[in-house]
Protein chains: 2
Amino acid sequence: MSVAIDDDRLSETFAALANTTRRAILTRLSDGAATVNEIAEPFAMTLPAISKHLKVLERVGLIVRSRHAQYRPCAIEATPLEAVADWAEQYRPVWEARFDRMDEHLRRLRPEPDPEPEPTMEKANNHD
Amino acid sequence: MSVAIDDDRLSETFAALANTTRRAILTRLSDGAATVNEIAEPFAMTLPAISKHLKVLERVGLIVRSRHAQYRPCAIEATPLEAVADWAEQYRPVWEARFDRMDEHLRRLRPEPDPEPEPTMEKANNHD
DNA sequence: CCGGTACTTTCCGTACTGGTTAAATACACA
DNA sequence: TGTGTATTTAACCAGTACGGAAAGTACCGG
């Protein structure tokens, strides 16, 4: 099941996850939805700071919010994490074969008595 | 195979991945190691900019570098991506069970106000 | 209306990011 | 030695991120 998302979106998602507080909030919410005050309680920072973190998480779709009286309960929405997992999984073959690549490259850079005059490296560039 | 890394390290890794150029570099390197000039070639930015991106990737262990004459070839090192995949996978039950956690929470948040004054909001200095 | 609770917004300081240009470093080769 | 190539460092700048304090908004209940 591929849930690939736009490249910029993926950047924003990674940026949202690049913060221990925000990841801790997601952990908290995976146990069930909570209000802002409930979420803030374990953290040593002010409510506005938490509010801003929630805004970041909401912006990338990692949480959804509703309203009930004064309360603005938050629930986790993990779909973007599936995209993150999918993105990382594409490198599984790389981390499972974790050797050789540098050696192979050095072999190309430093040919033996091979008649290759310069280390002009071919650009096997199938990216973009 | 669990490759959990510590929380700050994970933040740095996510931060390193929160940039399309750096992710494109990883894509390029998954096809094989390359020198800095080879890596820079497809990008519309100067060499120093690429050099800094490589430094970020190296710092979190996403690439390793060696030296050969003037060349500083880079190779991908995908182990941190396994940690990222593992971290995201922990939320699989959440994204697979798309039942409504919000509803359940709203049910718990019944209109009974429960007026308990809780002014406990100590602010230490846990900057992240 | 008022007062209280639950948040959010605004403003501000500080620090980091991502890019630039110019200069420095490192190495190979003639 | 000097020149060319590969790459990094330094200095700088605009924009953004993360925190706090204070003020603003929204809703409820009397």
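Up top is the structure.
Structural notes, computed from the coordinates. (Residues numbered from 1 in each chain as written. Chains lettered and ligands numbered in written order. Predicted model: local features only at pLDDT ≥ 70, side-chain atom pairs only at ≥ 80, totals over all residues.)

1. Let's talk about the overall build of chain A
Formally: Helix and strand assignments come from DSSP, with helices taken as H or I runs of at least 4 residues and strands as E runs of at least 2, each series counted from the N terminus. Counting other C-beta atoms within 10 Å of its own, a residue is labelled buried from 20 upward, exposed at 12 or fewer, and partly exposed in the gap between, with every C-beta atom placed from the backbone. For every residue pair, C-beta atoms are placed from the backbone, and the pair is scored as a contact if these atoms sit within 7 Å.
Helices and strands together make up the secondary structure of chain A, namely seven helices and two strands. Order of helices (α) and strands (β) in chain A, N terminus to C terminus: α-α-α-α-β-β-α-α-α. Relative to its full complement of 128 residues, chain A shows a buried share of 28%. Excluding contacts between residues fewer than 6 apart, the proportion of contacts in chain A whose partners are at least 24 apart in sequence is 54%.

2. Let's talk about the nonpolar core
Threshold: For this entry, the nonpolar core is defined as buried Ala, Val, Leu, Ile, Met, Phe, Trp, Tyr and Cys residues connected by C-beta atoms within 7 Å.
One finds Leu29 and Ala88 of chain A together with Leu29 and Ala88 of chain B to be the most contacted residues of the largest nonpolar core, which totals 54 residues. With near-sequence residues (within four places) excluded, alanine 88 of chain A lies in contact with Leu81, Val84, Ala85 and Ala88 of chain B.

3. Focus on unusual backbone geometry
In this model, alanine 69 of chain A sits at a positive phi of 55°, which is unusual for a non-glycine residue. Looking at the secondary structure, you find alanine 69 of chain A in the loop between strand E1 (63–65) and strand E2 (74–76).

4. Considerations on the protein's contact with DNA strand C
In plain terms, the rule: All residues are tested the same way: a C-beta atom is placed from the backbone, and lying within 6 Å of a molecule or strand makes the residue near it. Ten residues, namely Ala, Val, Leu, Ile, Met, Phe, Trp, Tyr, Cys and Pro, are considered nonpolar, four, namely Asp, Glu, Lys and Arg, are considered charged, and the remaining ones, Gly among them, are considered polar.
Neighbouring DNA strand C are 24 residues, the closest being Thr35, Val36, Pro48 and Ser51 of chain A together with Thr46 of chain B. Listing elements by their share of the surface near DNA strand C, those giving two or more residues are helix H3 (36–40) and helix H4 (47–59) of chain A together with helix H4 (47–59) of chain B. A total of six residues in the surface near DNA strand C trace back to one element, the largest contributor, which is H4 of chain A. Of the residues assigned to the surface near DNA strand C, the class counts are 12 nonpolar, nine polar and three charged.

5. A few points about the protein's contact with DNA strand D
If you check the shell around DNA strand D, you find 26 residues, and the closest are Ala49 of chain A together with Thr35, Asn37, Pro48 and Ser51 of chain B. Secondary structure elements with two or more residues in the surface near DNA strand D: H4 of chain A together with helix H3 (36–40) and H4 of chain B. A per-class count over the surface near DNA strand D returns 13 nonpolar, 10 polar and three charged.

6. Side note on the packing of helix H5 (residues 79–89) of chain A against helix H5 (residues 79–89) of chain B
What counts, and what does not: Convention adopted: a line fitted to C-alpha atoms gives each axis, helices being fitted over their contacting stretch, and angles between N-to-C directions are expressed from 0 to 180 degrees. By definition in this entry, angles of less than 35 degrees are roughly parallel, angles greater than 145 are roughly antiparallel, angles of 65 to 115 are roughly perpendicular, and the rest are oblique. Handedness of each helix crossing follows the sense of rotation of the near helix against the far helix: counterclockwise by less than a right angle gives left-handed, clockwise gives right-handed.
The contact between H5 of chain A and H5 of chain B brings their axes to 8 Å, and the two run at 150°. Here H5 of chain A is positioned roughly antiparallel relative to H5 of chain B, judged by the angle of their axes. Relative to H5 of chain B, the crossing made by H5 of chain A is left-handed. Here H5 of chain A contributes Leu81, Val84, Ala85, Ala88 and Glu89 of chain A to the contact with H5 of chain B, which in turn contributes Leu81, Val84, Ala85, Ala88 and Glu89 of chain B. Residue composition of the contact of H5 of chain A with H5 of chain B, grouped by class: eight nonpolar, no polar and two charged.

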